[in-house]
Amino acid sequence: MKIIRNIEVWEKGMDGGFIGHLAIAETISVEFLFSMFRHEQDKPDPEMKLSYMLDAARIALLQPYVAEPMDLLKNDYILTAHGQPDY
């Protein structure tokens, strides 16, 4: 099973609807992602399989790995992962 990480895009606010996904370049390392969130995890998630809300500082770090611009004033963003069979 291959783990695919991407960014969910949601309309702004708690009542906002799901808009879609933004792809993250495969060149980004899991270690880099883990380093961004390790201090706020209840238990270690070194494979980054859970979902994490993105703030402005983290969006700035991730933007070079995402082709589409992310605008935190317009949308909410969540780093997430899902499995894909690798056959």
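Please read these numbers as outputs of a predicted model, since none were measured by experiment.

Asker: Would you take a moment to explain unusual backbone geometry for this structure?
Answerer: With the exception of glycine, the majority of residues adopt a negative phi angle, and the majority of peptide bonds are in the trans configuration. Although it is not a glycine, Met-48 adopts a positive phi angle of roughly 50 degrees. With respect to the secondary-structure elements, Met-48 resides in the loop between helix H1 (30-37) and strand S3 (52-53). Residue Met-48 is classed as buried on the basis of its relative accessible area of 2%.

Asker: For this particular structure, what's the right way to read the pairing of strand S2 (residues 18-23)?
Answerer: On a regular strand, one side chain projects to one face of the sheet and the next to the other, so that they alternate. Of the pairings in the sheet, the one linking strand S1 (residues 2-11) to S2 comprises five bridges and is antiparallel in character. Bridge pairing links Ile-7 to Leu-22 in S2. Counting the residues between successive antiparallel strands, the hairpin from S1 to S2 contains six residues, one of them, Gly-13, with a positive phi of roughly 100 degrees.

Asker: For this particular structure, what's the right way to read the pairing of S1?
Answerer: Where S1 lies against strand S4 (residues 75-84), ten bridges are found, and the strand directions are antiparallel. Bridging from a neighbouring strand, Lys-2 pairs with Gln-84 of S4.

Asker: Is there a simple way to explain the environment of Glu-40 in this structure?
Answerer: Structurally, Glu-40 can be placed in the loop between H1 and S3. In this structure Glu-40 comes out as partly exposed when scored by relative accessible area, which is 48%. With 31 residues separating them along the chain, Glu-40 and Val-9 place their C-alpha atoms 21 Å apart. In terms of polar contacts, Glu-40 uses its side chain to reach the side chain of Arg-58, at 2.7 Å.

Asker: Would you mind going over the environment of Ile-78 with me for this structure?
Answerer: Tracing the sequence through the fold places Ile-78 in strand S4. C-alpha separation for the pair Ile-78 and Leu-54, spaced 24 residues apart in sequence, amounts to 5.6 Å. Residues in contact with Ile-78, not counting those within four places in the same chain, are Asn-6, Ile-7, Glu-8, Trp-10, Ser-51, Tyr-52, Met-53 and Leu-54.

Asker: Just to check I follow, could you spell out the environment of Asp-55 for this structure?
Answerer: Mapped onto the fold, Asp-55 is located in the loop between S3 and helix H2 (56-62). C-alpha separation for the pair Asp-55 and Leu-22, spaced 33 residues apart in sequence, amounts to 16 Å. Only 2.9 Å separates the side chain of Asp-55 from the backbone nitrogen of Arg-58, close enough to count as a polar contact.

Reading the values: rules and limits
- Residues numbered from 1 in each chain as written.
- Predicted model: local features only at pLDDT ≥ 70, side-chain atom pairs only at ≥ 80, totals over all residues.
- Heavy atoms only, no water.
- Helix = DSSP H or I, 4+ residues; strand = E, 2+ residues; numbered from the N terminus.
- Buried < 20%, exposed > 50% of the residue type's maximum accessible area, 1.4 Å probe, protein only.
- Pairing = 2+ DSSP bridges.
- Polar contact = N/O pair within 3.5 Å; in protein donor to acceptor, adjacent residues only side chain to side chain.
- Contact = heavy atoms within 4.5 Å.

Note that all results are geometric; they support no functional claim without further evidence.
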